[in-house]
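As a plain string of letters, each chain reads:
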Amino acid sequence: EAGVAQSPRYKIIEKRQSVAFWCNPISGHATLYWYQQILGQGPKLLIQFQNNGVVDDSQLPKDRFSAERLKGVDSTLKIQPAKLEDSAVYLCASSLVGTAGHVNEQYFGPGTRLTVT
Amino acid sequence: GQQVMQIPQYQHVQEGEDFTTYCNSSTTLSNIQWYKQRPGGHPVFLIQLVKSGEVKKQKRLTFQFGEAKKNSSLHITATQTTDVGTYFCAGPNTGFQKLVFGTGTRLLVSP
């Protein structure tokens, strides 16, 4: 079974530039997550999709971050314009749909390491 | 909001020594998950605990869910260099279908 795919693996941009990340989840996983992981910290959820609908985006800085999952499979996360503090690893994860109060195990992709200079 | 704290933040042991990390949630959890992240890698699911007081073992790893379902622990017996990494616990956010990750415990094992 193929895992979660992400690209690119690394990206270096200057502040105020824009960047986009792509994620392809495990086949059959309706739930897709984007996390931001700053060095030395745990993953922080940015946005969660179920199929092509947003379940939670309460921690997404909507003035500069956007995400979409148009056909309920692949997803893209965009940052425009980037700030220095956006330097982090952006992880995509997917899972089967959970029930109320129960979250299924999540499978993570390799992540994209973003450096903003 | 819900907070999940882990202690210690960091531990350095000699190979063969035991290791324990503790996870504490500010709210009662319906279940708890544990993940391992190797240096430079991504989190990998280890296990999920659901029942109050539940204990599960995976070879040298023992996971426990507290009676009040607000805390959990991971114990590694006789650590090996392959155990190096950061261990995260994660619990569902109250009322939502999302996980809140703990602060993590970084384990370093010297041969």
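Refer to the structure presented above.
Residues numbered from 1 in each chain as written. Chains lettered and ligands numbered in written order. Predicted model: local features only at pLDDT ≥ 70, side-chain atom pairs only at ≥ 80, totals over all residues. Heavy atoms only, no water.

1. Brief notes about the overall build of chain B
In plain terms, the rule: A helix here means a DSSP run of H or I that spans at least four residues, while a strand means a run of E at least two residues long, and both kinds are numbered starting from the N terminus. Both definitions apply: the radius of gyration is a C-alpha atom measure, and the globule rule equals 2.2 Å times residues to the power 0.38. Residues are treated as being in contact if the distance between any of their heavy atoms lies within 4.5 Å. Residue-level accessible areas treat just the shown protein chains as cover; the underlying method is Shrake-Rupley with a 1.4 Å probe.
Looking only at helices and strands, chain B features zero helices and 11 strands. Listed by position from the N terminus, the elements making up chain B come as β-β-β-β-β-β-β-β-β-β-β. Expected size for 111 residues packed as a compact globule is a radius of gyration near 13 Å; at 13 Å, chain B falls within 12% of this value. A principal-axis box enclosing the C-alpha atoms of chain B has dimensions of 45 × 30 × 20 Å. Counting contacts in chain B only where the partners sit at least 6 residues apart, residues at least 24 apart contribute 53% of the total. Per element, the accessible surface of chain B, about 5,300 Å² overall, is 52% carbon and sulfur.

2. Some points on the side chain of Thr86(B)
Along the polypeptide, Thr86(B) turns up in strand β9 (residues 85-92). Residues contacting Thr86(B), with those up to four places away along its chain left out, are Tyr35(B), Lys36(B), Gln37(B), Gly104(B), Thr105(B) and Arg106(B).

3. Observations regarding the sheet that holds strand β3 (residues 19-24) of chain A
Residues and elements named next belong to chain A. This is how it is decided: Paired strands, in this sense, are two strands between which DSSP finds at least two bridges. Throughout, an axis means a line fitted to C-alpha atoms (over the contacting stretch in the case of helices), and angles, computed between N-to-C directions, take values from 0 to 180 degrees.
Strand order in the open sheet formed by four strands is β1-β3-β8-β7, with antiparallel pairing between adjacent strands. Two strands in the sheet have a free side with no partner beyond their single neighbour: β1 (5-7) and β7 (65-68). The average undirected angle you get between the axes of adjacent strands in this sheet is 15 degrees. The pairing of β3 with strand β8 (residues 75-79) spans five bridges and is classified as antiparallel.

By themselves, these figures tell us nothing about what the structure is for.
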